[in-house]
Amino acid sequence: MIIDSITVSTSRFMRYGAVSRPDDAEDVSGKAIVERITASGHDFRYRLIPDGIMSVRIALLESIERKSDAVIFCGGTGLAPSDLTIEAIEPLVEKSIPGFGEIFRLKSLEQVGTRVMLTRASAGLISGVPVFAIPGSPAAASVGIELILQELEHILQHVRGR
């Protein structure tokens, strides 16, 4: 299984450019995600991209073209004007997976309290590929990747009709 891990951060992108490893961008959240993917026996492709609807959509379409089994966007899900990951992804979603965001917020409630209401974690299917959007903090990345990996094979069985 190949999982694309895409960190969305304009400031990091401006500083490090288009790197292909989280260590090359001092990306703690991205590193947590790819380490957990690897530990679970799966392969990953990592990318760092700037915020923006077009950059997110281009990265998403490239992942789908490259036959990724799943795509995880980390970052760009907040309320700042430049946080547009959700706005880029959700119009393309063919089937939403609302339970992901609900469970993510429930798990995060233990860590951040009522600030969890600001969390815009989201998931859905685009061209038959599960796509997840999680906040960019290291704690959120850890919660998100654990939830994703617990159910990803089950999700893919449903998507692929097996």
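First things first, this report covers the structure right here in the doc. Because the structure is a prediction, the values reported are computed rather than measured.

Looking only at helices and strands, the protein features 6 helices and 6 strands. Here the C-alpha radius of gyration of the protein, 14 Å, is about what a compact globule of 162 residues would show, namely 15 Å. With respect to the principal axes defined by its C-alpha atoms, the protein has extents near 45 × 35 × 30 Å. Per-residue burial for the protein yields a buried fraction of 46% across its 162 residues. In the protein, of all internal contacts separated by at least 6 residues, the share reaching a separation of at least 24 is 72%.

A regular strand places its side chains on the two faces of the sheet in alternate fashion. Across the 5 residues that make up strand 3 (residues 70-74), a large majority, 5, are buried. Residues of strand 3 alternate between two faces, with A70, I72 and C74 on one and V71 and F73 on the opposite face, all of them buried. As defined by bridge partners, strand 1 (residues 2-8) adjoins strand 3 across 5 bridges and the pair is classed as parallel. Each residue of the ladder has a partner; that of D4, found in strand 3, is V71.

Counting 22 residues, the largest nonpolar core has I33, I72, F100, F104 and F132 as the members making the most contacts within it. The contact partners of I33, leaving out residues within four places of it in the chain, are S5, I72, C74, I134, A141 and I145. Counting 16 residues, the second largest nonpolar core, distinct from the first, contains V56, I64, V71 and A133.

A rise of 1.5 Å per residue sets the reference length of helix 2 (residues 28-39), with its 12 residues, at 16 Å; its end C-alpha atoms lie 16 Å apart and thus fit the reference within 8%. Restricting attention to buried positions, one finds in helix 2 the residues S29, G30, I33, V34 and I37. Looking straight down helix 2, one finds its buried side chains confined to an arc of 125 degrees; they lie on one side. Across from the buried face of helix 2, at angles greater than 90 degrees, the exposed residues are V28 and A39. For helix 2, the side-chain oxygen to backbone nitrogen distance between the N-cap and S29 is 3.3 Å, and the N-cap itself is D27. Positioned one or two residues after helix 2, G41 has a phi angle of 90 degrees, which is positive.

A surface patch of nonpolar side chains, amounting to about 270 Å² of accessible area, comprises I53, M54 and I58. Looking at the element boundaries, I58 is found in helix 3 (residues 53-65). For I58, a relative accessible area of 44% gives the class partly exposed.

Our focus in this paragraph is unusual backbone geometry. One non-glycine residue, E26, lies in the positive phi region at around 50 degrees. If you trace the backbone, E26 turns up in the loop between helix 1 (10-16) and helix 2. Here K67, not a glycine, exhibits a phi torsion of approximately 60 degrees, which is positive. Residue position: K67 is located in the loop between helix 3 and strand 3. Look at K67 and you get exposed, because its relative accessible area is 66%.

We now examine the side chain of S55. Take S55: it is sitting in helix 3. Residue classification places S55 among the buried residues on the basis of a relative accessible area of 18%. In contact with S55, other than residues within four places in its own chain, are I49 and P50.

Each value, and the rule that gives it
- By convention here, each chain's residues receive numbers from 1 onward along its written sequence.
- Residue-level local features of this predicted model are given only where pLDDT is at least 70; pairs of side-chain atoms are given and counted only at 80 or more, and the full residue set underlies all totals for whole chains, interfaces and linings.
- Values shown for side chains rest on all heavy atoms present in the structure; no hydrogens or waters enter the calculation.
- The way it works is that DSSP assigns letters per residue, a run of H or I at least four long becomes a helix, a run of E at least two long becomes a strand, and they are numbered from the N terminus.
- For a compact globule the rule gives 2.2 Å times the number of residues to the power 0.38, and the radius of gyration it is set against comes from C-alpha atoms.
- Burial classes: relative accessible area under 20% of the type maximum marks a residue as buried, over 50% as exposed, and values in between as partly exposed (1.4 Å probe, protein chains only).
- Contacts are assigned to residue pairs with any non-hydrogen atoms lying within 4.5 Å of each other.
- Two strands are counted as paired when DSSP detects at least two bridges linking them.
- The nonpolar core is taken to be a set of buried Ala, Val, Leu, Ile, Met, Phe, Trp, Tyr and Cys residues, with the residues joined through side-chain atoms within 4.5 Å.
- Multiplying 1.5 Å by the helix residue count minus one yields the expected span of that helix.
- Each direction from the helix axis to a C-beta atom contributes to the arc, which is the arc of those directions.
- N or O atoms within 3.5 Å of each other form a polar contact, as long as, within protein, one can give a hydrogen and the other can take it, and as long as residues adjacent in sequence are counted only when both atoms are side-chain atoms.
- Patch members must show over 30% relative accessible area and no salt bridge, and they are joined within 9 Å when carrying like charges or within 5 Å when they are nonpolar side chains of Val, Leu, Ile, Met, Phe, Trp or Tyr.
- Computed with a 1.4 Å probe, the accessible areas rest on the Shrake-Rupley method; for each residue, only the protein chains presented here act as cover.
- Within this document, salt bridges are pairs made up of a side-chain nitrogen of Lys or Arg and a carboxyl oxygen of Asp or Glu, the two lying within 4 Å of each other.

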